[in-house]
Amino acid sequence: AQSVAQPEDQVNVAEGNPLTVKCTYSVSGNPYLFWYVQYPNRGLQFLLKYITGDNLVKGSYGFEAEFNKSQTSFHLKKPSALVSDSALYFCAVRGYSSASKIIFGSGTRLSIRP
Amino acid sequence: DTGVSQDPRHKITKRGQNVTFRCDPISEHNRLYWYRQTLGQGPEFLTYFQNEAQLEKSRLLSDRFSAERPKGSFSTLEIQRTEQGDSAMYLCASSLAEVSRLSYEQYFGPGTRLTVT
């Protein structure tokens, strides 16, 4: 069965500092991995995905994520946080052999203080 | 606006009533998905369509729930005899069908927030 774990309910970072939001996954076969962001009263916005290729994936708004197969992790990173990055972040996974269903983690609330 | 749209954005209903939600996907997308999101949780998959065919349904989708996509464009999600446990945000997403080993990301609408009193 596919699953995603986001071990931190909340991450607090000072503006200008680097940020990391953690994600680990479990899936049979090669995973398709995604990060989405959700702002208050808005739908989920796609940030980036890993399908194959380079382990470091770059996405929207200066975010990037590193795929680590041995640690089954896909942590989201940004070198310098902005207050506007404050939102709810979801990691998601889809196994290659499964249908289109995406399994989401429970989310991590990112709070950037000025 | 060429994104995914959902209507209504908010719905308050009394227990036992039927409700219907509509989703209009991005026009060139042939896959459409429904998810449910409760407070403090990530979205949970309910069902998806490729064109007009409903290809997968979650066990979360009880027989009180029905979804249609009659012409392969917009979709409706109906909940009959609503219960308080149905209160949630219902999200619709769309994507292109996959080509070879590529996987297209899903684009989400703003959601319909259902409150059952």
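Refer to the structure above for everything that follows.
It should be emphasised that the depicted structure is a prediction, and the values quoted were computed from it without experimental measurement. (Residues numbered from 1 in each chain as written. Chains lettered and ligands numbered in written order. Predicted model: local features only at pLDDT ≥ 70, side-chain atom pairs only at ≥ 80, totals over all residues. Heavy atoms only, no water.)

Asks: Would you take a moment to explain the side chain of Thr108 of chain A for this structure?
Replies: Residues and elements named next belong to chain A. Positionally, Thr108 belongs in strand 12 (residues 108–113). Classification of Thr108 as buried rests on a relative accessible area of 0%. Within polar-contact distance, the side chain of Thr108 engages the side chain of Gln6 at 3.1 Å. Dropping the residues within four chain positions of it, Thr108 is found in contact with Gln6, Glu8, Asp9, Gln10, Val11, Val21, Ala87, Leu88 and Tyr89. (Helix = DSSP H or I, 4+ residues; strand = E, 2+ residues; numbered from the N terminus. Buried < 20%, exposed > 50% of the residue type's maximum accessible area, 1.4 Å probe, protein only. Polar contact = N/O pair within 3.5 Å; in protein donor to acceptor, adjacent residues only side chain to side chain. Contact = heavy atoms within 4.5 Å.)

Asks: I'm lost on the state of the cysteines in this one. Help?
Replies: In the structure shown here, the tally under the stated rule is two disulfides over all chains. One disulfide bridge connects Cys23 of chain A with Cys91 of chain A, the sulfur atoms lying 2.0 Å from each other. A torsion of -65° about the S-S bond marks the disulfide between Cys23 of chain A and Cys91 of chain A as left-handed. Taken together, the residues Cys23 of chain A in the loop between strand 3 (19–21) and strand 4 (24–26) and Cys91 of chain A in strand 10 (residues 87–95) connect sequence positions 68 residues apart. By the burial criterion, Cys23 of chain A is buried, and Cys91 of chain A matches it. Here Cys23 of chain B is linked by a disulfide to Cys92 of chain B, with a sulfur-sulfur distance of 1.8 Å. Every disulfide takes its handedness from the sign of the S-S torsion; for Cys23 of chain B and Cys92 of chain B that torsion is -65°, giving left-handed. Here Cys23 of chain B, found in strand 3 (residues 19–24), pairs with Cys92 of chain B, found in strand 9 (residues 88–95); they are 69 residues apart in sequence, far enough to count as distant. For the pair shown, Cys23 of chain B and Cys92 of chain B are each scored as buried. (Disulfide = S-S within 2.5 Å.)

Asks: Help me understand the pairing of strand 11 (residues 112–116) of chain B, please; the structure alone is not making it clear to me.
Replies: Each regular strand carries side chains that alternate between the two faces of the sheet. All names here are of chain B. Residue alternation in strand 11 divides its side chains into a buried set, Thr112, Leu114 and Val116, and an unburied set, Arg113 and Thr115. By the bridge criterion, four bridges tie strand 2 (residues 10–13) to strand 11 in an arrangement that is parallel. In the strand pairing of strand 11, Thr13 is matched with Val116. As defined by bridge partners, strand 9 adjoins strand 11 across three bridges and the pair is classed as antiparallel. Paired with Ala88 across the bridge in strand 11 is Leu114. (Pairing = 2+ DSSP bridges.)

Asks: How should the environment of Phe108 of chain B be read in this particular structure?
Replies: Residue and element names in this part refer to chain B. Residue position: Phe108 is located in strand 10 (residues 107–108). Accessibility expressed as a relative area gives 10% for Phe108, which makes it buried. As a C-alpha pair, Phe108 and Tyr33 span 75 residues in sequence and 9.0 Å in three-dimensional space.

Asks: Would you mind showing me how to read the nonpolar core here?
Replies: The nonpolar side chains of a soluble globular protein tend to be buried with one another. Residues and elements named next belong to chain A. Membership of the largest hydrophobic core comes to 28 residues, with the highest contact counts inside it found for Leu19, Trp35, Leu47, Leu48, Phe74, Leu76 and Tyr89. Elements represented by at least two residues in this core include exactly strand 2 (10–14), strand 3, strand 5 (31–38), strand 6 (44–50), strand 8 (64–68), strand 9 (73–78), strand 10 and strand 12. Top contributing element to this core by residue count: strand 10, with four residues. Here Phe74 is in contact with Cys23, Leu33, Phe34, Trp35, Leu48, Lys49, Tyr50, Ala65, Glu66, Phe67 and Cys91, once residues within four sequence places are set aside. (Core = buried A, V, L, I, M, F, W, Y, C linked by side-chain atoms within 4.5 Å.)

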